[in-house]
Amino acid sequence: MYNVLDRGVNMKEYTKNQVHEVACAFNEHKIIALPTDTVYGVGVKYGDLEDLERLKRAKHRPETKPIPMMVSNVEQMKQVALVDERIEKIADKFLPGALTLVVNVKDSVDSAYTNGLSTIAIRIPDEKFILDVIDELNCPILVTSANQSGEKTALTSDDVYEQLPKIDGIVLGTCKALQASTIVDCTKEKLQILRPGPISLEELESLL
């Protein structure tokens, strides 16, 4: 457990009302933890590979696991990913929401963001505060769970302080679902669930 006396020494605290301040922090290459519609996430702004490396080091994340991306709308998704009619249909129905889509990445995205893979994990969170931050940035953010890789999921700000005491900032607040999103692979003819979550394969298939 973190030392209570150290709380807030390394991390600047924000509230969900401080959209502009949080966007500025991302623009200043800060690593920020924030409550999402699922669990606490931690992320950086997309576009600077050094920020990505700092985020991976903070989490001790294996190099084989790329960091997922959050966008605020489907049009922004299309800037980095190949979005077909089926993906648009899924997004229209379930996003914003607790669903992460694994889709084919565009050639314009540096392969360092995908660890050399041809796919990228991307979602639109059902959290107005985060969507507002992304809109102000006019740029996706790279967000992963706010815990040390392999450790318990961070559901509260205390969990973040315990596991990631040296990141730059934290947005205080509560998470909604307290369950990680469903991850679905949309790159093949048949959808495949890579991580079970609130949205089932049956719900997805019934839509299609």
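**Q** Account for the nonpolar core, with residues named and values stated.
**A** Within the largest apolar cluster, 64 residues are counted, with the highest numbers of intra-cluster contacts made by M77, L99, L101 and V160. With 6 residues, helix α5 (residues 128-137) is the single largest residue contributor to this core. What L101 contacts, discounting residues up to four positions off in sequence, is M77, I87, I90, L95, I120, A121, I122, V184 and C186.

**Q** Give a detailed account of the sheet that holds strand β4 (residues 69-70), specifying residues and quantitative values.
**A** Within the open sheet, the 10 strands sit side by side as β1-β8-β2-β3-β7-β4-β6-β5-β9-β10. Their pairing is mixed. Two strands close off the open sheet at either side, each with one partner strand: β1 (12-14) and β10 (192-195). In this sheet, strand β7 (residues 141-145) lies alongside strand β3 (residues 40-45) in antiparallel orientation, the contact comprising 5 bridges. Note on β7: the bridge partner recorded for G41 is S145.

**Q** How would you explain the pairing of strand β5 (residues 99-104) if you had to name every residue and give the values?
**A** Across the 6 residues of β5, 5 count as buried, placing the element largely inside the fold. Two elements, β5 and strand β9 (residues 182-185), share 4 bridges in a ladder whose sense is parallel. Within the sheet, the bridge partner assigned to T100 lies in β9 and is I183.

**Q** Would you mind going over the side chain of K56 in detail, with residue names and values included?
**A** Relative to the helices and strands, K56 is located in helix α2 (residues 49-59). For K56, the side chain forms a polar contact with the side chain of N115, separated by 3.1 Å. Setting aside chain neighbours within four positions, we find K56 in contact with R61, E63, K65, I67, A112 and N115.

**Q** Residues and numbers for the environment of G197, please.
**A** Along the polypeptide, G197 turns up in the loop between β10 and α7 (201-207). Each C-alpha atom of the pair G197 and L99 lies 7.9 Å from the other, and the pair is 98 residues apart in sequence. Beyond its immediate chain neighbours, meaning those up to four positions away, G197 contacts Q179, A180, S181 and T182.

**Q** Describe helix α1 (residues 19-27), and please don't skip the residues or the numbers.
**A** Taken together, the buried positions of α1 are occupied by V19, V22, A23, A25 and F26. Seen from one end, α1 has its buried residues packed into an arc of 155°, which puts them on one side. Check the buried side of α1 and you find it contacts β1, β2 (32-35), β3, α5 and β8 (169-171). Positive backbone phi, at 70°, marks H29, one or two positions downstream of α1.

**Q** Can you explain the environment of R86? Please cite residues and give values.
**A** When you line up the elements, R86 lands in helix α4 (residues 85-94). With residues up to four places along the chain from it excluded, the contact list for R86 reads C186, T187, K188, E189, K190, L191 and L208. One polar contact links the side chain of R86 to the main-chain carbonyl oxygen of E189, over a distance of 2.8 Å.

**Q** Describe the pattern of salt bridges, naming the residues involved and giving the relevant values.
**A** All told, the structure shown has 11 salt bridges when counted by the stated rule. One connected set of salt bridges, linked through shared partners, spans E75, K78 and E88.

**Q** An account of the pairing of β3 is needed here, citing residue identities and associated values.
**A** With 5 of 6 residues buried, β3 lies mostly within the body of the structure. Here 4 bridges tie β2 to β3, and the two strands are oriented antiparallel to one another. Paired with P35 across the two strands is Y40, which belongs to β3. Where β2 hands over to β3, the hairpin turn is made up of 4 residues, counted between the paired strands.

**Q** Could you give an account of the environment of Y14, naming the residues involved and the relevant values?
**A** With respect to the element layout, Y14 can be found in strand β1. Expressed as a C-alpha distance, the spacing of Y14 and L117, which sit 103 residues apart in the sequence, is 34 Å. Residues in contact with Y14, not counting those within four places in the same chain, are E21, V22, A25, I32, G169, I170, V171 and L172.

Scoring rules and cut-offs
Residues numbered from 1 in each chain as written. Predicted model: local features only at pLDDT ≥ 70, side-chain atom pairs only at ≥ 80, totals over all residues. Heavy atoms only, no water. Core = buried A, V, L, I, M, F, W, Y, C linked by side-chain atoms within 4.5 Å. Buried < 20%, exposed > 50% of the residue type's maximum accessible area, 1.4 Å probe, protein only. Helix = DSSP H or I, 4+ residues; strand = E, 2+ residues; numbered from the N terminus. Contact = heavy atoms within 4.5 Å. Pairing = 2+ DSSP bridges. Polar contact = N/O pair within 3.5 Å; in protein donor to acceptor, adjacent residues only side chain to side chain. Arc of directions from axis to C-beta. Salt bridge = Lys/Arg side-chain N within 4 Å of Asp/Glu carboxyl O.

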